[in-house]
Amino acid sequence: MAEPLLDIQGLKTWFKTDDGLVRAVDGVDLRIDRGETVGVVGESGCGKTVTARSVLKLIDMPPGRFEAGRILWQGRDLIPLDDAEMNKIRSREIAIIFQEPMTSLNPVYSVGEQIAEVIELHQNLSRKQALVGAADMLKLVNIPNPERRVHDYPHQFSGGMRQRVMIAMALSCQPKLLIADEPTTALDVTIQAQILELMQEMKERFGMAIMLITHAMGVVAETAQRVVVMYAGKVVEEAPVGALFGDPRHPYTQGLIRSIPRVDRSAGQQARLESIPGTVPSLLDPPPGCRFAARCKYAMEICTQAIPPLKEVAPGHRVACVL
């Protein structure tokens, strides 16, 4: 197999708190190949965002720390790198879009200045040239009157337009990997569809890979080639998107899929949406064995004794379950 673009191996990102160590990411393996879209799904608090921030080392240290593992970017481990070396990679090779653009954009600078700062830093252009590049990026993400709007401030844009600005900033240096951390959560469904379509268009234009973090299974079904399901800081299932939705193996994945509203059925065929009983275990003191066992209707005694490893049950389909 060709060397993956990103290869996370046994990553453990823990946080020291007054109550003890929070094992936010606790032994995650994840790979992304060139040009593919990988969806990372799971409930809030399962470790998706911490995994993404760990890739770019956007973790406050302390209280955070890398307890174990490697983050291989094109074969090079990022964990030992200092800030100066990471700054050469951030935005230029790996870019990130955050969930809420209003808190990610600086309210006292125009959007053009913020995009131009990235271009100026990584492409060694003058400020005037960088501002021209910023206007070009706004035009690329379909913002009307880009030459004028490059001088506007974030509060002068709608939520969907602010997310387009974030995409323009992320793509200004044509990165090889775009990490999209729930980029459509704060938007209505019409704008969500436009943003997802724009990301797909930009992916094809620049030939980049996308790590799409979301809790919306429907978004993953439409956009990803491969899906990684996380629960309580661990990967519980990984599969091509068709296999995951057609034959989910882990009880947690099955529960997530059963909770998706079905719009392809008539009112008479609709069934009550199922919920997964119980709550996510505390990552301060995770239980021994499978962390989903307390909520799983198939749980057996062996499930509480040892953590099940990820095993391949079909080509490209791995599951962490004794069943």
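Residues numbered from 1 in each chain as written. Predicted model: local features only at pLDDT ≥ 70, side-chain atom pairs only at ≥ 80, totals over all residues. Heavy atoms only, no water.

**Q** Whenever I open this one, the environment of Ala193 confuses me. Can you help?
**A** Among the structural elements, Ala193 can be located in helix α8 (residues 189-206). Residue Ala193 is classed as partly exposed on the basis of its relative accessible area of 43%. For the pair Ala193 and Val219, spaced 26 residues apart in the sequence, the C-alpha separation amounts to 8.9 Å. (Helix = DSSP H or I, 4+ residues; strand = E, 2+ residues; numbered from the N terminus. Buried < 20%, exposed > 50% of the residue type's maximum accessible area, 1.4 Å probe, protein only.)

**Q** Where do I start with the nonpolar core in this structure?
**A** Across soluble globular proteins, nonpolar side chains show a tendency to be buried alongside one another. Counting 75 residues, the largest nonpolar core has Ile71, Ile94, Leu177, Ile179 and Met211 as the members making the most contacts within it. In terms of residue count, helix α7 (residues 159-171) provides more of this core than any other element does, seven residues in total. In this structure, Ile71 is in contact with Leu6, Asp7, Ile8, Leu11, Ser54, Val55, Phe66, Arg76, Asp77, Leu78 and Ile79, ignoring residues within four places of it in sequence. (Core = buried A, V, L, I, M, F, W, Y, C linked by side-chain atoms within 4.5 Å. Contact = heavy atoms within 4.5 Å.)

**Q** Explanation requested: the packing of aromatic side chains in the structure shown.
**A** Applying the stated criterion to the full structure yields three aromatic pairs. Look at Tyr231 and Tyr252: their rings are 4.7 Å apart centre to centre, the planes differ by 55°, and that puts the pair in the tilted class. Of this pair, Tyr231 sits in strand β9 (residues 226-231) while Tyr252 sits in helix α11 (residues 251-258), and the two are 21 residues apart along the sequence. Overall, Tyr231 belongs to the buried group, its relative accessible area being 2%. The buried category is assigned to Tyr252, whose relative accessible area is 0%. Ring-pair connections join several aromatic residues into one group, and the members of that group are Tyr231, Tyr252 and Phe292. Over the ring of Trp14 we find Arg23, and its NZ or CZ is 4.7 Å from the ring centre. Here the guanidinium or amino end of Arg149 rests over the ring plane of Phe157, the centre of that ring lying 4.0 Å away. (Phe/Tyr/Trp six-rings, centres within 6.5 Å; stacked < 30°, edge-to-face > 60°. Lys NZ or Arg CZ within 6 Å of the ring centre and 35° of its normal.)

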